[in-house]
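Residue-level listing of the chains:
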Amino acid sequence: MRHAYRRRVVLRGIDLRLRPGTLCGIVGENGAGKSTLLKILSGELRPTRGTVRHSGPFGYCPQHVVLNDTLTVRQHLEFFQRAYRLAELRCAEEVMAVLGFTGYADERVGVLSGGTRQKLNVTLALMHDPRVLLLDEPYQGFDWDTYQRFWDLAARLRDAGRSVLIVSHLAYDTERLDELWRLDGGLLRLDEAVSA
Amino acid sequence: MRGHLNWFTTATRFALIEHSRNRFALVLVALFIPLWTSLAYLAMPDTPAHMRLRATGETLAVRGNELTEISGALNAVTLITGFMMFAATFSGSRFDHRLAMAGYPRTHLVLAKVTALALVSAVVAAYATAVTCLAWTPRQPLLLAAALFCAGLTYGALGVGFGSVLRREVEGMFAIVMTSIIDLALQNPILSSGADNPIISYLPTYGAMQAATAAGFSASPVPAYLGIQLTWFAVAALIALVSFHRSTRSTLLVTAPNPKREPGSGGSSLLSPRRADVSPASATDTTAP
C-alpha cells in the first residue's frame, strides 16, 4: 500500500501479512508514518493506493486516547459492550485486572491520570477478544509494573492464537517480539536479528 | 427490536449525561437567560411603536422593551443550544468515530443526539418562556415556547455542523455568536431599520422571530412560520448529518458474501485458544479508488 499527504509521500510500498499467533512490532522515528499505517489498517484512513484485508474482528488502540471525559470508566465499558454486541464484560474485567485499574470503575474519565486513561484506551481495544490487535504506542504513560504486565498480557494473547501488532518509536524489549519491522523512508524492513 | 431500543436508549442516556455535565452551559441557562431578558426588558423604552407583522399582515402597537425581550430570549436560547451541541460535537467526534468503528450503529447515535437536542431545547425554551412571563404576559405563551424550541433546535443543528467542520473551539464559539447576533439584530425593528427588507426572510430564525412576535402581541396562530423554522432545522440537521456521516465512516469495506461482522460474547477468557484460520468470507477489505 502507498499513502501520501498531498505531495508528501509517507508510505511508499508496504506489504505486510500478520500471521495468527504472532507478536509483531513496528518501530520507526517520529514522523516515519507508523501511526498513519495503523490508521489505514484500522479503517480510520483510506490509503492513496492499496488494500487492507482483515480475517475477522480486530481491536484498535489509537496513539492518543479517544475517550469521553464526561463518562465514567464503567459507562465507557457499557457503551462499547453495546457497540461490540457483547453479552458480558468478562474480557474487559480481565484486562482491567491485569492493568490494575479495576478500582477506578466509577471514576469519571476526565479526572483520571494519563496512565489510567491509557489503560482504559487499551481495554476498549481488547474487551471484545479480537483476533487481531493493532496497538499504537499502547504503553505510554504506564508505570514500570504495568508496563511489564502489559507485555505479559501481549505474550499470553499471542500464545492463545491472537495476532498482536505493536507500533512504537522505541525499539525496547525487542526480545519479546516474534517479528520486528523497521519503518524507514516509507518502507518496511524486517529486522532479521529479532525475527530469526 | 430490543437491540435497537437498547442502542438508542444507551446512546441517548449518555448524550444527556454529557450535556448535564457541561457546567458552563448550565450556568448560562440559569443566569444568562434571566439576565439578558430582564436587562432587555428594563433598559429599553416601553413606549409603544407601530410595526407591521409579516406573519399576519397586522399592524401591531408593541412596546419596545417587550419586543427586545423576545429577541433577547431567542438570542439566549439559540446561543445556549448552539454552544451545547457544538461543545459535545467538537469534543466527542473522535469518540463517536471510535464507537462507530467498534460497531455502534450510527443511525442510533444520530437519533440519540437529536433526541438529546430536542430535550435540551424543550427545557431551555420552557425556562425562557417562564422567565418572560414573570415580566409581562405574552398573548400566546405556548406559541412563544414553541418558537423558542424550534429556534433552539435549529441552532443546535448548526452547532453540530460547526463542531464537525471547525478545528478550534474558539472558532466555533465565534461562529455561533456572530450568526445569532447578525440573525436576530437584523430582524429587530427597534434595533434595525432594515427589519422590513425581504432579505430578512432568509435568516435562520426568521420563522421563529415571526412566530414569537405573534405570540407576544397577536392572537393569530402562525403555524406556517413554525413550519419555516422547522424547515431551517431540517436543512441544518441534514448538513450536520452529512458532517457526522463523513467524520465517523470507516474505510474498510465488507466484502461479499458475508456482510455481517462476527459478534463476540465478551464472556470467554481472553487467553482461551482460538482457531487460527478463518473463512475468507469474514474478511473486510479497503481498497483505494
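Just so you know, these numbers come straight off a predicted model, no measurement behind them.

So, on to the overall build of chain B. Secondary structure summary: chain B contains eight helices and four strands in total. Order of helices (α) and strands (β) in chain B, N terminus to C terminus: α-α-β-β-α-α-α-α-α-α-β-β. In chain B, buried positions account for 49% of the 289 residues. Of the contacts made within chain B by residues no fewer than 6 positions apart, 77% connect residues no fewer than 24 positions apart. When the accessible surface of chain B is totalled, it reaches about 13,300 Å², and 68% of it is carbon and sulfur.

All names here are of chain B. Summarising the model, chain B shows a mean pLDDT of 86, and 85% of its residues fall at 70 or more. pLDDT under 50 marks residues 256-263. Its contacts with residues more than four places away, or in other chains, come to twelve contacts. Within the model, the stretch residues 275-282 combines pLDDT values under 50 with twelve contacts to residues more than four positions away or in other chains. For this predicted complex, the interface confidence reaches an ipTM of 0.93, while the overall pTM sits at 0.88.

Given two aromatic rings, one states the distance between the centres and the angle between the planes to describe the pair. Across all of its chains, the model carries 15 aromatic pairs over all chains by this definition. Measuring from ring centre to ring centre gives 5.8 Å for Tyr139(A) and Trp151(A), while their planes differ by 40°; the resulting arrangement is tilted. Placement of the pair is Tyr139(A) in the loop between strand S6 (132-136) and helix H5 (144-159) and Trp151(A) in helix H5, with a sequence separation of twelve residues. Exposure remark for Trp151(A): the relative accessible area of 3% places this residue in the buried category. Between the aromatic rings of Trp136(B) and Phe217(B), the centroid separation amounts to 5.5 Å while the plane-to-plane angle is 10°, which identifies the pairing as stacked.

Right, let's talk about the pairing of strand S7 (residues 163-168) of chain A for a bit. Residue and element names in this part refer to chain A. For S7, the buried fraction is high: six of the six residues fall into the buried class. Here S7 shows a buried face lined by Ser163, Leu165 and Val167 and a second buried face lined by Val164, Ile166 and Ser168. Note: strand S3 (residues 23-27) against S7, five bridges, orientation parallel. Paired with Val27 across the strands is Ser168, a residue of S7. With five bridges connecting them, S6 and S7 associate as parallel partners. Among the inter-strand pairings, Leu135 is bridged to a residue of S7, identified as Ile166. Taking the sense of rotation as the criterion, the β-α-β connection linking S6, H5 and S7 turns out right-handed.

Moving on, we come to a nonpolar patch on the surface. A grouping of Phe174(B), Val177(B), Met178(B), Ile181(B), Ile182(B) and Leu186(B) is seen on the molecular surface, where their side chains present a nonpolar patch of about 500 Å² in accessible area. Tracing the backbone shows Leu186(B) in helix H6 (residues 169-187).

What counts, and where the lines are drawn
Residues numbered from 1 in each chain as written. Chains lettered and ligands numbered in written order. Predicted model: local features only at pLDDT ≥ 70, side-chain atom pairs only at ≥ 80, totals over all residues. Heavy atoms only, no water. Helix = DSSP H or I, 4+ residues; strand = E, 2+ residues; numbered from the N terminus. Buried < 20%, exposed > 50% of the residue type's maximum accessible area, 1.4 Å probe, protein only. Contact = heavy atoms within 4.5 Å. Areas by Shrake-Rupley, 256 points an atom, 1.4 Å probe, with all protein chains shown as cover. pLDDT = per-residue confidence, 0-100. Phe/Tyr/Trp six-rings, centres within 6.5 Å; stacked < 30°, edge-to-face > 60°. Pairing = 2+ DSSP bridges. Right-handed = clockwise from strand over helix to strand, strands pointing away. Patch = residues over 30% accessible without salt bridge, like charges linked within 9 Å, V, L, I, M, F, W, Y side chains within 5 Å. Salt bridge = Lys/Arg side-chain N within 4 Å of Asp/Glu carboxyl O.

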